[in-house]
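Chain by chain, the residues run as shown.
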Amino acid sequence: MTTAEEHGRGGPLAGVRVVELAGIGPGPFAAMLLADLGADVVRVDRPGGSALGIEPAKDVTNRNKRSVVLDLKSEDGLRTALDLVERADILIEGYRPGVAERLGLGPDACLARNGRLVYGRMTGWGQDGPLAHTAGHDIGYIAVTGALGITGSADGPPYAPANLLGDYAGGSLYLVIGILAALQHAAREDGAGQVVDAAIVDGTSHLSAMLHGMLAAGSWQDRRGSNLLDGGSPFYGVYATSDGGHMAVGALEPQFYAEFVRLLGLGEDGAEVPDRNDFAAWGALRDAVATRFATRTRDEWDEVFAGSDACVAPVLSLREAPAHPQLAARGTFVEHAGLTQPAPAPRFSATPGAVRRPPAEPGAHTAEVARDWDVPGLDAPR
């Protein structure tokens with residue numbers, strides 16, 4: 001491991017070295033998270049660049065990293081990659097099963113060079129099973145786990161929440177958890193490296209643990225839009241405002257619901273408010289809530305509920321979110337290298353993470369990585 005002083009880096013992972021074999025989606029995000037926490041992440045880019053199509057200077061998932069370009073199909077490229085692996089604590093790859101092995105960078109080859117290496121594998125379907133070698137994307141992974149099926153209204157199709165649920169929540173974050181646990185094990189006196197097999201279908205399924213418990217207990221209905229937390233409840237959902245905006249309501253607890261009803265003005269015209277505890281009355285209650293929200297704009301309702309315990313919030317766009325008073329006060333978003341982007345998370349009192357570098361341009365750091373990692377020939381002409 002390097003020292004924090006060598007590169008002027010902070011964060012709880014200062015001194016940890018990571019080799020990231022370039023890919024798209026959850027692998028780069030996991031590597032970014034490690035880099036945000038202070039790890040020295042070297043991204044091995046392929047000649048010709050990424051297939052993602054994003055301008056490298058704006059690809060926030062490559063911030064805080066350094067990049068070298070290697071042709072892993074060449075003898076020189078493979079040799080140099082293994083030299084990096086020998087000096088690393090962690091490797092991250094997101095190829096289909098068997099591809100890393102064919103390149104000569106599979107777990108056996110890498111662990112033979114570095115017995116304490118944590119070898120992180122990021123896939124959608126996993127390393128085995130009937131679909132392991134087939135293509136896939138977030139929407140298919142969350143579909144088969146049941147996670148997609150709980151989204152959307154009862155009378156409409158499910159909707160995919162971008163690729164946040166599968167790729168990042170069920171994929172990247174589980175890979176990082178596994179890597180950090182394996183790193184802790186490898187650091188023990190009798191520890192050793194190992195392979196972390198992070199499959200998006202595994203992580204996304206794991207996220208639904210509470211719901212499976214509720215299903216078994218009979219408190220969750222196995223159909224969309226029929227439950228407390230899936231939009232079925234009139235006091236846990238999203239409502240349109242008069243200007244085409246939306247307000248999100250999460251007034252679950254009785255005391256918060258009472259505040260919500262008061263501020264929304266339900267019943268102020270003398271009409272009886274349907275009983276929230278009567279499932280048969282949920283339709284009428286939903287209609288009453290929707291009618292009230294439709295009388296004002298999103299910003300007007302935001303002002304009504306601001307600072308209350310009614311658990312109501314405006315639905316903001318990605319461009320609007322950084323200016324929200326709570327997020328602005330906490331510095332949840334930062335400006336760096338001309339890009340507005342989420343700040344590192346979570347936060348640490350003694351070893352805070354930071355955005356230290358802009359997104360890594362492919363091959364831009366070859367010379368300094370060769371020097372800092374002491375890899376002979378890395379910066380030689382290729």
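Not measured: the values here are computed from a predicted model.

Description of helix 2 (residues 26–36)
Next, step 1: Buried residues dominate helix 2, accounting for 10 of its 11 residues.
Next, step 2: Taken together, the buried positions of helix 2 are occupied by P26, G27, P28, A30, A31, M32, L33, L34, A35 and D36.
Next, step 3: G38 lies just past helix 2 and shows a positive phi near 105°.

Here's the deal with the layout of surface pockets
A probe matching the size of a water molecule, rolled over the atoms, marks out where space remains unfilled.
Next, step 1: There is about 1100 Å³ of room inside the second largest pocket.
Next, step 2: Around the second largest pocket, the lining comprises 40 residues; the ones closest to its centre are I150, T151, L229, D230 and G231.
Next, step 3: Elements supplying a minimum of two residues to the lining of the second largest pocket: helix 8 (200–207), helix 9 (209–217), strand 7 (236–240), strand 8 (246–250) and helix 11 (282–293).
Next, step 4: Across the lining of the second largest pocket, the residue classes tally to 18 nonpolar, 16 polar and 6 charged.

Section: the sheet that holds strand 5 (residues 118–123)
Next, step 1: Reading across the sheet, the 6 strands line up as 3-2-1-4-5-6 and stay open at both edges, with parallel pairing between neighbours. Taken across any chain shown, the strands that pair with only one partner, and hence form the sheet edges, are strand 3 (65–69) and strand 6 (194–199). Averaged over all pairs of adjacent strands, the angle between their axes in this sheet comes to 20°, without regard to strand direction.
Next, step 2: One ladder, built from 3 bridges, connects strand 1 (residues 17–21) with strand 4 (residues 90–93); its direction is parallel. Its bridge partner being in strand 4, E20 is matched across the sheet by I92.
Next, step 3: The strands touched by helix 8 are strand 5 and strand 6; relative to strand 6, the strand with the most contacts, the crossing angle is about 65°.

Calculation criteria
Residues numbered from 1 in each chain as written. Predicted model: local features only at pLDDT ≥ 70, side-chain atom pairs only at ≥ 80, totals over all residues. Heavy atoms only, no water. Buried < 20%, exposed > 50% of the residue type's maximum accessible area, 1.4 Å probe, protein only. Helix = DSSP H or I, 4+ residues; strand = E, 2+ residues; numbered from the N terminus. 1 Å grid on protein atoms, 1.4 Å probe; cavity = no way out; pocket = protein on both sides within 12 Å on 5 of 7 lines; lining within 4 Å. Points joined across faces, edges and corners; volume = space filled by probe spheres on them. Nonpolar A, V, L, I, M, F, W, Y, C, P; charged D, E, K, R; others polar. Pairing = 2+ DSSP bridges. Axes fitted to C-alpha atoms, helices over the stretch in contact; angles between N-to-C directions. Contact = heavy atoms within 4.5 Å.

Purely geometric numbers; function is a separate question.
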